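# Chain and residue survey
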Amino acid sequence: MKKVWRIGAVTATAFAMALGFTGSASAAGYVAKAVNVSSSPDFTKVHCTNVAYAKHKAAGRACFEPYGDEFWVLDMSADGYYVEMYGQVADGYRCEDHKGAAAGWTRCDGFSSKIPEGKRMVFFTGVMDKGKMVSSSTDWFATT
């Protein structure tokens, strides 16, 4: 189990560095701003990951919905930080949620024509402070 976690941490770190998630938006491939929605994802159809950091056991949650290639993001802490979801197939995909905890679930759905079908996507969630990653979840995988 320790080896699997280490591989996930290395993948997330390499992924973040390769796409420049510490501030370089231009290297990210495709970036979308999350929009407010009045619902939550259908948890029978999504793959989710949670992110925590020092003082918060649950800082954020993000889910990937393969049908429609939608990214769902939930900021769970009203602390001034924001939550982003990152996905990687051949290109990188980033969903930025700057709406705050009061917004509830938000969604990015502009990737459907960009994400190739039937491929394996690695994704993770990050807590961000002014473009710098404060914490990230472990890697999760889903078929697009």
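Report on the accompanying structure.

What counts and how
- Residues numbered from 1 in each chain as written.
- Predicted model: local features only at pLDDT ≥ 70, side-chain atom pairs only at ≥ 80, totals over all residues.
- Heavy atoms only, no water.
- Helix = DSSP H or I, 4+ residues; strand = E, 2+ residues; numbered from the N terminus.
- Contact = heavy atoms within 4.5 Å.
- Salt bridge = Lys/Arg side-chain N within 4 Å of Asp/Glu carboxyl O.
- Buried < 20%, exposed > 50% of the residue type's maximum accessible area, 1.4 Å probe, protein only.
- Phe/Tyr/Trp six-rings, centres within 6.5 Å; stacked < 30°, edge-to-face > 60°.

## A few points about unusual backbone geometry
The residue D69 is not glycine, and still its phi comes out positive at about 50 degrees. Structurally, D69 is set in the loop between β4 (56-65) and β5 (70-75).

## Details of the environment of P116
Considering the arrangement of structural elements, one finds P116 in the loop between β8 (105-108) and β9 (120-129). Sequence separation between P116 and D91 is 25 residues; the distance between their C-alpha atoms is 9.5 Å. When residues no more than four places from it in sequence are discounted, the contact partners of P116 are V89, Y93 and T144.

## Things to note about the pattern of salt bridges
Pairing between side chains of opposite charge can happen when the charged atoms of each approach one another. Enumeration over the complete set of coordinates arrives at six salt bridges. In this structure, K45 engages D42 in a salt bridge whose closest nitrogen and oxygen atoms are separated by 3.9 Å. Residue E96 pairs with R94 through a salt bridge whose shortest N-O separation is 2.7 Å. The buried category is assigned to R94, whose relative accessible area is 5%. Through salt bridges with shared partners, a single network forms among K33, E84, R94 and E96.

## Side note on the packing of aromatic side chains
Per the counting criterion, the structure on display carries nine aromatic pairs. Aromatic pair Y53 and Y81: ring centres 5.4 Å apart, planes at 50 degrees, arrangement tilted. In this pair, Y53 is assigned in strand β3 (residues 47-53) and Y81 in the loop between β5 and β6 (82-88), connecting sequence segments 28 residues apart. Assessed through its relative accessible area of 10%, Y53 is described here as buried. Y81 sits in the partly exposed class, given a relative accessible area of 26%. An angle of 55 degrees between the planes, with centres 4.8 Å apart, marks the rings of F71 and F111 as tilted. Taken together, the positions of F71 in strand β5 and F111 in the loop between β8 and β9 put the pair 40 residues apart, joining distant regions of the chain.

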